[in-house]
Amino acid sequence: VYGKEGIRELAEHNLAKASYAAQTLSSHPGAKLLFTGAPRFHEFVLQTEESPAIWSQRLLDAKIVGGIELSRWYPELHNATLWCATEIITREQIDTAAKVLDAGLVEA
């Protein structure tokens, strides 16, 4: 469907979008990007001071599905979530998620 060049452009777009999301979400006080030295494509792990269960509902209220809480499988990754950003995620949604995260960290 995309062809050789199209799939490359899509991959580059996804890489840039995930990078923007990772930098935007982790730039807030109380949020930290984990595994920064590891290669990644369109996923990243974010750790926050606030429990993901608390702000997950705020994200859903904004019609955004947040990251998957990792402590279920990796107990040592307390308050860490796995996020994914692909071509269907808009910059506006990323910015809204950052505002929701910010609001929780300010209230905490």
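Residues numbered from 1 in each chain as written. Predicted model: local features only at pLDDT ≥ 70, side-chain atom pairs only at ≥ 80, totals over all residues. Heavy atoms only, no water.

(A) Expanded view of helix α1 (residues 3-26). Helix length check: α1, at 24 residues, gives a terminal C-alpha distance of 34 Å against a target of 34 Å (1.5 Å per residue), a fit within 8%. For α1, the complete set of buried residues consists of Gly 6, Leu 10, Asn 14, Lys 17, Ala 18, Ala 21, Ala 22, Thr 24, Leu 25 and Ser 26. (Helix = DSSP H or I, 4+ residues; strand = E, 2+ residues; numbered from the N terminus. Expected span 1.5 Å × (residues − 1). Buried < 20%, exposed > 50% of the residue type's maximum accessible area, 1.4 Å probe, protein only.)

(B) Geometry of helix α2 (residues 52-61). Within the span of α2, buried status applies to Pro 52, Trp 55 and Leu 59. Summarising the axial view, the buried residues of α2 lie within an arc of 80°, below the 170-degree limit, and thus occupy one face. Opposite its buried face, α2 presents the exposed residues Ala 53 and Asp 61, each directed more than 90 degrees away. (Arc of directions from axis to C-beta.)

(C) Representation of the pairing of strand β2 (residues 43-48) within the structure. Two strands pair when backbone bridges link them, and strand β1 (residues 31-34) and β2 are joined in this way by four bridges, in the antiparallel orientation. Note on β2: the bridge partner recorded for Lys 32 is Gln 47. Across five bridges, β2 lies against strand β4 (residues 80-84) in antiparallel orientation. By the bridge assignment, Val 45 is partnered in β4 with Leu 82. (Pairing = 2+ DSSP bridges.)

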